[in-house]
Amino acid sequence: MHKTVKEDLRLWAQEYVPRFNKLAKEFDTCYYTQSPLSHIDDSIDTLILGINPKGDGKVSSDNETNLSVEEFLDGNKCWGSRLDEKWKFVDGARWFLGYNHLMTSDSVDDDKKTVWANLTPFVSNKGFSDLRPELVSVGIESTLRLIEILKPKRIVLLTKEGFRQLNSRKVPQNIKDHISCVQVLESPTLEIGMILGVPTVCVPHPSGQWPVSNKFTSIFVLLHNLSCRDANGKIRKNIDEVRNIMREEIKALQTKVIL
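A few points on the structure. Keep in mind that this is a model prediction, so the values were computed, not measured. (Residues numbered from 1 in each chain as written. Predicted model: local features only at pLDDT ≥ 70, side-chain atom pairs only at ≥ 80, totals over all residues. Heavy atoms only, no water.)

**Let's talk about the overall build of the protein chain**
Along the backbone of the protein chain there are 8 helices and 6 strands. Traced from its N-terminal end to its C-terminal end, the protein chain shows the element sequence α-β-α-α-β-α-β-α-α-β-β-β-α-α. For a compact globule of 259 residues, the expected C-alpha radius of gyration is about 18 Å, and the protein chain comes in at 18 Å, within 12% of that figure. Counting only C-alpha atoms, the protein chain reaches 60 × 45 × 40 Å along its principal axes. For the protein chain, buried positions account for 50% of its 259 residues. The contacts in the protein chain between residues at least 6 apart in sequence include a share of 72% that link residues at least 24 apart. (Helix = DSSP H or I, 4+ residues; strand = E, 2+ residues; numbered from the N terminus. Rg over C-alpha atoms; globule rule 2.2 N^0.38 Å. Buried < 20%, exposed > 50% of the residue type's maximum accessible area, 1.4 Å probe, protein only. Contact = heavy atoms within 4.5 Å.)

Written as structure tokens, this is what we have:
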């Protein structure tokens, strides 16, 4: 019998939450996902991924290292106030996608159509650099499984080191085999690629430094979205082809647009 996305997500959580709990206790750290996966009942439009939740990872209660499946799938307890509090993770990324800080009826603010998560759910202050390899590995493994379930139309990776992080020694080779990337520009060093066959654009995290300006980042994200599929909406699987299309468009802007 064919399982629904919601059923697949629950099975996914049932597999990984016990592993997350065990590691959280072993390394005395906490973990969580961002937007509520419990709202998902079909494939999604966009998956937006940071590296991991930022924080010192200190555990204030046993509950933080012993989540239930339901608690994990329900996501960040503060998710409902994300725009009121102007989270850099959310507010800045919405700008990349062409939105201001105001809530809309578009899919970017629909928790059934856009999922906000991280490559690993375990908390640290400096991304992968101060996170144990075990927490990186299981996190990325679970996220790749999540991508298979959600079947997003595109992935936005919020870190300029995103693909390099995915190619680090902390990531097993069998996971790396499902990831490819190319650099589009010599400067700034923005990249595009594929994760499990899903078109992926990699841009700096909004809490960091803009490569040119916040508006240029939006242009780059939109240009990738327009270039990664052909006129019939079919994914261009050759990322070199997508890169060349983007480069030609940027060259045209430099030579044909006159102020």
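So, next bit.
**Topic: the nonpolar core**
One finds W12, L47, F122 and I140 to be the most contacted residues of the largest nonpolar core, which totals 46 residues. Elements that contribute at least two residues to this core include exactly helix 1 (5–26), strand 1 (46–50), helix 2 (69–73), strand 2 (114–118), helix 4 (133–150), strand 3 (154–158), helix 5 (162–166) and strand 6 (198–203). Those residues in contact with I140, other than ones at most four positions away along the chain, are L119, F128, L166, V171 and I175. Core analysis: the next-biggest nonpolar cluster, separate from the first, contains 29 residues, W87, F89, V90 and V182 among them. (Core = buried A, V, L, I, M, F, W, Y, C linked by side-chain atoms within 4.5 Å.)

**A word on unusual backbone geometry**
For the bond running from S187 to P188, omega is -5°, close enough to zero to count as cis. Mapping P188 onto the fold places it in the loop between strand 4 (179–183) and strand 5 (191–195). Look at L196: it is not a glycine, yet its phi comes out positive at around 55°. Within the element layout of this structure, L196 appears in the loop between strand 5 and strand 6. With a relative accessible area of 26%, L196 lands in the partly exposed category.

**Some details on the environment of M246**
As for its placement among the helices and strands, M246 is situated in helix 8 (residues 239–256). It is 9.1 Å that separates the C-alpha atoms of M246 and C228, two residues lying 18 residues apart in sequence. Look past the residues within four positions of M246 in its chain and what remains in contact with it is V184, I192, F220, L223, H224 and S227.

**Here's the deal with the side chain of D109**
Structurally, D109 is set in the loop between helix 3 (88–96) and strand 2. At 2.9 Å, the side chain of D109 and the backbone nitrogen of T104 are in polar contact. When near neighbours in sequence (up to four residues on either side) are disregarded, D109 contacts R82, L83, R94, L102, M103 and T104. (Polar contact = N/O pair within 3.5 Å; in protein donor to acceptor, adjacent residues only side chain to side chain.)

**Points about the pairing of strand 2**
The two faces of a sheet get side chains in turn, since along a regular strand they alternate between them. Burial runs high along strand 2: 5 of the 5 residues are buried. Along strand 2, one buried face is formed by T114, W116 and N118 and the opposite face, lined by V115 and A117, is buried too. The pairing of strand 1 with strand 2 spans 5 bridges and is parallel. Each residue of the ladder has a partner; that of L47, found in strand 2, is V115. (Pairing = 2+ DSSP bridges.)

**Comments concerning the side chain of D111**
Along the polypeptide, D111 turns up in the loop between helix 3 and strand 2. Overall, D111 belongs to the buried group, its relative accessible area being 14%. Looking at D111, its side chain comes within polar contact range of the side chain of W79, at 3.3 Å.

**As for the pairing of strand 6**
Of all 6 residues making up strand 6, 6 are buried, and the element is well covered by its neighbours. Side chains V198, T200 and C202 project from strand 6 onto one buried face, and the interleaved P199, V201 and V203 project onto a second face that is buried too. By the bridge criterion, 4 bridges tie strand 3 to strand 6 in an arrangement that is parallel. Residue I155 lies in a different strand from strand 6, and its bridge partner there is T200. Count of turn residues in the strand 5/strand 6 antiparallel hairpin: 2 residues, of which L196 carries a positive phi of about 55°.

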